[in-house]
Amino acid sequence: QVQLVTSGGGLVQAGDSLRLSCAASGRTFSNYAMAWFRQAPGKEREVVAGITSGGSNKVYPNSVKDRFTVSRDNAKNTVWLQMDSLKPEDTAVYYCAAESRPFPTGSVQDYDYWGQGTQVTVSS
């Protein structure tokens, strides 16, 4: 079992930055690829960042590329999502997720553990 606790959301204005954190406990964190997903009202959950278990490779969809940065510290059992130049369309509940393989995928079904989600609201 892996427990994930997400924090750092809030209400910001367009153009602002936020940093989300996801603290893991339980099994060996470094065995898991991690990802950040988001879900806006009425929309499907979508991936916004993925990072390999060792942290050397990261992937982003075009919608957030060059604005969002994922990072992790396996010694601290933590993964972060730095979000810059936020837009109103980034408004959603953000979740971190872990999957027991070295490389992250973009499919919700592939992830074994989920954090509780944190609300990010970007006003125009």
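The following refers to the structure shown. Note that the coordinates shown come from a computational prediction; the quantities given were computed from them, not determined experimentally. (Residues numbered from 1 in each chain as written. Predicted model: local features only at pLDDT ≥ 70, side-chain atom pairs only at ≥ 80, totals over all residues. Heavy atoms only, no water.)

Some details on the layout of surface pockets
To keep it simple, the criterion reads: Every definition here rests on a 1 Å grid over the protein atoms only: cavities are sets of points where a 1.4 Å probe fits but cannot get out, pockets are open sets enclosed by protein on both sides within 12 Å along at least five of seven lines, and lining residues have some atom within 4 Å of a point. Grid points are joined across faces, edges and corners, and a volume is the space filled by probe spheres set on the points.
The calculated volume of the largest pocket comes to roughly 170 Å³. Surrounding the largest pocket, 13 residues form its lining, R38, K43, E46, E89 and D90 being those nearest its centre.

Some words on the pairing of strand β11 (residues 118-123)
The line we're drawing: Buried residues are those whose accessible area, probed at 1.4 Å on protein chains only, stays under 20% of the maximum for their type, while exposed residues exceed 50% and partly exposed ones sit between those limits. Only DSSP runs of H or I with at least four residues qualify as helices, and only runs of E with at least two residues qualify as strands; both kinds are numbered from the N terminus onward. For two strands to be treated as a pair, DSSP must find at least two bridges joining them.
Residues T118, V120 and V122 line the buried face of β11, whereas the alternating positions Q119, T121 and S123 sit on a face that is not buried. In this sheet, β11 lies alongside strand β2 (residues 10-13) in parallel orientation, the contact comprising 4 bridges. Note on β11: the bridge partner recorded for L11 is T121. Looking at chain direction, strand β9 (residues 92-99) and β11 are connected through 3 bridges and run antiparallel.

Things to note about the packing of aromatic side chains
One pair of aromatic rings is described through two measures. These are the centre distance and the angle between the planes. The following threshold applies: Classification of ring pairs uses Phe, Tyr and Trp, with its six-membered ring standing for Trp, and accepts pairs whose centres are within 6.5 Å; under 30 degrees between planes counts as stacked, over 60 as edge-to-face, and the remaining range as tilted. Two limits define a charge over a ring: the Lys NZ or Arg CZ must be within 6 Å of the ring centre, and within 35 degrees of the ring normal.
Within this structure, the stated rule accounts for 5 aromatic pairs. Ring centres of F37 and W114 lie 5.0 Å apart, and the angle between their planes is 55 degrees; this geometry places the pair in the tilted category. Placement of F37 in strand β4 (residues 33-39) and of W114 in strand β10 (residues 113-114) is noted, with a sequence separation of 77 residues between them. According to the relative accessible area criterion, F37 is buried, its value standing at 0%. W114 gets classed as partly exposed once you look at its relative accessible area, which sits at 26%. Aromatic rings pair up to connect F37, Y95, Y111 and W114 into one cluster. Lying over the aromatic face of W114, R45 brings its terminal NZ or CZ to 4.9 Å of the ring centre. Across the ring face of F29, the terminal group of R72 is positioned such that the distance to the ring centre comes to 4.3 Å.

Honestly, it's all geometry; don't read function into it.
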